[in-house]
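Here is what each chain is made of, one letter per residue.
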Amino acid sequence: MLTRLLILLVRAWQIGPSVVLPSSCRFQPSCSAYAITALRRYGAVKGGWLAAKRIGRCHPFGGFGPDPVP
């Protein structure tokens, strides 16, 4: 149930503010796609943690390129 709610929030981001803001993603897949995959694969707790860690790495001095969900 919590996993579905978190996925719904990420989807709302994808069809809402994400459409208006310029694309600036440094990783492939995007952070929102990564979050959805992690949540589906690992559930709310571990998937949420993986998504939070990924978002934390998204800054000008962070990495870039392919970064699949483990």
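Residues numbered from 1 in each chain as written. Predicted model: local features only at pLDDT ≥ 70, side-chain atom pairs only at ≥ 80, totals over all residues. Heavy atoms only, no water.

A short note on the overall build of the protein
Thought 1: Check the secondary structure of the protein and you find three helices and two strands.
Thought 2: Relative to the compact-globule value of 11 Å for 70 residues, the protein shows a C-alpha radius of gyration of 12 Å, a close match.
Thought 3: Overall, the protein is about 35 × 30 × 15 Å in size when its C-alpha atoms are taken along their principal axes.
Thought 4: Counting over 70 residues, the protein shows a buried share of 30%.
Thought 5: By sequence separation, contacts in the protein at least 24 residues apart represent 68% of the contacts at least 6 residues apart.
Thought 6: Carbon and sulfur atoms make up 69% of the accessible area of the protein, which totals about 5000 Å². (Helix = DSSP H or I, 4+ residues; strand = E, 2+ residues; numbered from the N terminus. Rg over C-alpha atoms; globule rule 2.2 N^0.38 Å. Buried < 20%, exposed > 50% of the residue type's maximum accessible area, 1.4 Å probe, protein only. Contact = heavy atoms within 4.5 Å. Areas by Shrake-Rupley, 256 points an atom, 1.4 Å probe, with all protein chains shown as cover.)

A closer look at the nonpolar core
Thought 1: Ranked by size, the top nonpolar core spans six residues in total: Ile7, Val10, Ala35, Ile36, Leu39 and Ala51.
Thought 2: The element that contributes the greatest number of residues to this core is helix H3 (residues 31–56), accounting for four residues.
Thought 3: In contact with Leu39, other than residues within four places in its own chain, are Thr3, Leu6, Ile7, Ala44, Gly47 and Gly48. (Core = buried A, V, L, I, M, F, W, Y, C linked by side-chain atoms within 4.5 Å.)

As for the side chain of Asp67
Thought 1: Counting through the fold element by element, Asp67 comes out in the segment after strand S2 (65–66).
Thought 2: Residue classification places Asp67 among the buried residues on the basis of a relative accessible area of 17%.

A look at the layout of surface pockets
Thought 1: Its boundaries defined by the atoms lining it, the largest pocket holds a volume of some 470 Å³.
Thought 2: Along the wall of the largest pocket there are 17 residues; nearest its centre are Trp13, Ser18, Ser30, Cys31 and Ser32.
Thought 3: Put simply, the parts of the chain that give the lining of the largest pocket at least two residues each are helix H1 (2–15) and H3.
Thought 4: With seven residues, the top contributor of residues to the lining of the largest pocket is H3.
Thought 5: Split into classes, the residues belonging to the lining of the largest pocket amount to 11 nonpolar, six polar and no charged. (1 Å grid on protein atoms, 1.4 Å probe; cavity = no way out; pocket = protein on both sides within 12 Å on 5 of 7 lines; lining within 4 Å. Points joined across faces, edges and corners; volume = space filled by probe spheres on them. Nonpolar A, V, L, I, M, F, W, Y, C, P; charged D, E, K, R; others polar.)

Brief notes about the environment of Ser32
Thought 1: Along the chain, the position of Ser32 falls in helix H3.
Thought 2: A sequence separation of 21 residues divides Ser32 from Arg11, and the C-alpha atoms of the two residues are 7.8 Å apart.
Thought 3: Residues contacting Ser32, with those up to four places away along its chain left out, are Val10, Trp13 and Gln14.

Describing the state of the cysteines
Thought 1: In the structure shown here, the tally under the stated rule is zero disulfides.
Thought 2: The structure places no disulfide on Cys31, whose sulfur is separated from the nearest cysteine sulfur, that of Cys58, by 4.3 Å. (Disulfide = S-S within 2.5 Å.)

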